[in-house]
Amino acid sequence: MKIKKLETFLANAGQRNYLFVRLTTDTGLTGVGEATLEWQEKAVEVLVNEWVASRIIGKDPFDIEQVVGDMIRDQYQGGSTVMTAISSVEIAMWDIIGKATGQPVFRLIGGRAKPELYAYANGWYGGCETPADFSTRARQVAARGYRAMKFDPFSTAWKQLDRAEEDHAVAVVDAVAEAIGSEAGMMIEIHGRLGVSDAVRFIDRLSTGRIFWCEEPVSPESVELLREVKDRTRLPISSGERLYTIADFARLINLHAADVVQMDVAHCGGITMAKKIAAMAFSQDISISPHSSVGPVAFAAALHVAWSTPNMLMLESFGEFDVDWRNDLVGGWNPLSNGKLALPEKPGLGIELDEGAIAQHPYRPLSFPSLWDTTWRDEFTGTAKLASIK
């Protein structure tokens, strides 16, 4: 069996454009992957169709270690764009392998490692500005059965956090904590906004609610500074969504700079690499929780990694807070119900692209906002869906 064809499909999803990849073999089997990368979808699309296609056409999809390993070696410059392109076809190759063997991918990469798996909500706080806004929306999210939710309580903070925004952010966290009570937890998304001293001061002010972790308090590539924040604060620290190579993750893990490692399966090299990173973390008693903020194919790949990994915590999900047509873009199954994730049953990833639905939502340039623009939350996903919930 050889790969004979590669196709890409762009679909707008509000603030993002999802870039899907499909491989076809000479036996007729297909595999889907995802190469979504905010602001850079067109660049990734060109890279996938030119360089990546030249490296995988004619290859056996079972030869993941050699085919993907050679691409990672030969891409030379590194970075998010090329690693996302490589990750997309790696995921698609696993989809083909699962279909060829008649097995869900998770059973081929370790089997079921957990009795149950829960999602935590993200994307739910679009349009929220005041602590009262966050409180109202958080109650609606909790009513859907989520045991945890993540949110960025800041506006435009960068390095130095002025007192007014710091007080406001703390008030937002307190309001969400009060709204959801002791039954649910929070992840505080900081998006790498702060310098060390300001990050430490802010985290030390968080005294209410169940805070599972504070995410990316400082610039993510500065793992030594991240370790300093971790040493000086009492709350768990997470990071990893903006690291792209196994060497980057080795530094993060060996420095014990985070309590939770958040590799993104669609950016770090794919499913195999995510499992290797998880194993490194396991050896250091560090948990993982894959970053999963983009489309349904990337989410499916993360789900298979999550079910098969013993040091896995909760899985990030935008699924119920994305654009209304998210699930139309793929056919297969929806694993999420009342904040709990079902075990995949179908061979491969368990989903297929719907070309008709994709064509109805054409690419929209520059759709992703700057997190340092005061309007970045205005069109954040989730607003319309939750606004209708009473």
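Residues numbered from 1 in each chain as written. Predicted model: local features only at pLDDT ≥ 70, side-chain atom pairs only at ≥ 80, totals over all residues. Heavy atoms only, no water.

Q: Could you clarify how one ought to interpret the pattern of salt bridges in this entry?
A: When the charged atoms of two side chains with opposite charge come close together, those side chains can pair. This model, assessed by the stated rule, comprises 27 salt bridges. Arg193 serves as the salt-bridge partner of Asp152, at 3.0 Å between the closest nitrogen and oxygen. Of this pair, Asp152 sits in the loop between β5 (148-151) and α6 (163-180) while Arg193 sits in the loop between β6 (185-189) and α7 (196-204); the two residues are 41 residues apart in sequence, bridging distant segments of the chain. Taken as a pair, Asp152 and Arg193 share a single burial class, namely buried. Note that Glu166 is salt-bridged to Arg205, the shortest N-O span being 3.0 Å. Residue Glu166 is located in helix α6, and its partner Arg205 is located in the loop between α7 and β7 (210-215); the two are separated by 39 residues in the primary sequence. Given the relative accessible area of 1%, Glu166 is considered buried. What emerges from the salt-bridge pattern is a single network uniting Arg163, Glu166, Asp167, Asp198, Arg201 and Arg205. (Salt bridge = Lys/Arg side-chain N within 4 Å of Asp/Glu carboxyl O. Helix = DSSP H or I, 4+ residues; strand = E, 2+ residues; numbered from the N terminus. Buried < 20%, exposed > 50% of the residue type's maximum accessible area, 1.4 Å probe, protein only.)

Q: Would you mind going over unusual backbone geometry with me for this structure?
A: Positive phi is not limited to glycine here, since Lys159 has a value of about 65°. Mapped onto the elements of the fold, Lys159 is located in the loop between β5 and α6. With a relative accessible area of 33%, Lys159 lands in the partly exposed category.

Q: How should I be thinking about the packing of aromatic side chains in this particular structure?
A: One pair of aromatic rings is described through two measures. These are the centre distance and the angle between the planes. Enumeration over the complete set of coordinates arrives at eleven aromatic pairs. Summarising the aromatic geometry, the rings of Tyr120 and Trp213 are spaced 5.6 Å apart at their centres and angled 85° between planes, so their arrangement reads as edge-to-face. Here the residue Tyr120 occupies a position in strand β4 (residues 119-121), and Trp213 occupies one in strand β7, the gap between them amounting to 93 residues. On the basis of relative accessible area, Trp213 is assigned to the buried category, the value being 2%. A centroid spacing of 5.4 Å and a plane angle of 70° characterise the contact between Trp124 and Tyr125, whose relative ring orientation is edge-to-face. Here Trp124 and Tyr125 have matching classes, each one buried. (Phe/Tyr/Trp six-rings, centres within 6.5 Å; stacked < 30°, edge-to-face > 60°.)

Q: What's the story with the pairing of β5 in this structure? I'm lost.
A: Each regular strand shows side chains that alternate between the opposite faces of the sheet. The alternating pattern of β5 places Ala148 and Lys150 on one face and Met149 and Phe151 on the opposite face, and all of these are buried. Sheet analysis places β5 next to β6, joined by four bridges and oriented parallel. Within β6, the position partnered with Met149 by the bridge is Met186. With α6 bridging β5 and its parallel neighbour β6, the resulting β-α-β unit is right-handed. (Pairing = 2+ DSSP bridges. Right-handed = clockwise from strand over helix to strand, strands pointing away.)

Q: What's the story with the confidence of the model for the chain in this structure? I'm lost.
A: Detail in the predicted coordinates should be disregarded across regions flagged by low pLDDT. Per-residue pLDDT for the chain averages 94, and the proportion of residues at 70 or more is 97%. Ignoring residues within four places in sequence, the model shows residues 382-390, a span with pLDDT below 50, making 19 contacts including any to other chains. (pLDDT = per-residue confidence, 0-100. Contact = heavy atoms within 4.5 Å.)

Q: How should the environment of Phe62 be read in this particular structure?
A: With respect to the helices, strands and loops of the structure, Phe62 is situated in the loop between α1 (41-56) and α2 (64-74). The class for Phe62 is partly exposed, based on a relative accessible area of 40%. Between the C-alpha atoms of Phe62 and Leu341, which are 279 residues apart in sequence, the distance is 28 Å. The contact partners of Phe62, leaving out residues within four places of it in the chain, are Met1, Ile97, Ala100 and Thr101.

Q: Would you explain the packing of α1 against α2 in this entry?
A: To characterise two packed helices, one gives the angle between the axes of the helices and the distance between these axes. Their axes nearest at 10 Å, the elements α1 and α2 cross at an angle of 140°. On the basis of their axis angle, the class for α1 and α2 is oblique. The two elements α1 and α2 cross, and the hand of that crossing is right-handed. Within the contact between the two elements, α1 uses Trp51, Val52, Arg55 and Ile56 and α2 uses Val67, Asp70, Met71 and Asp74. For the contact of α1 with α2, a count of residues per class yields five nonpolar, no polar and three charged. (Axes fitted to C-alpha atoms, helices over the stretch in contact; angles between N-to-C directions. Parallel < 35°, antiparallel > 145°, perpendicular 65-115°, else oblique. Left-handed = near helix turned anticlockwise from the far one by under 90°. Nonpolar A, V, L, I, M, F, W, Y, C, P; charged D, E, K, R; others polar.)

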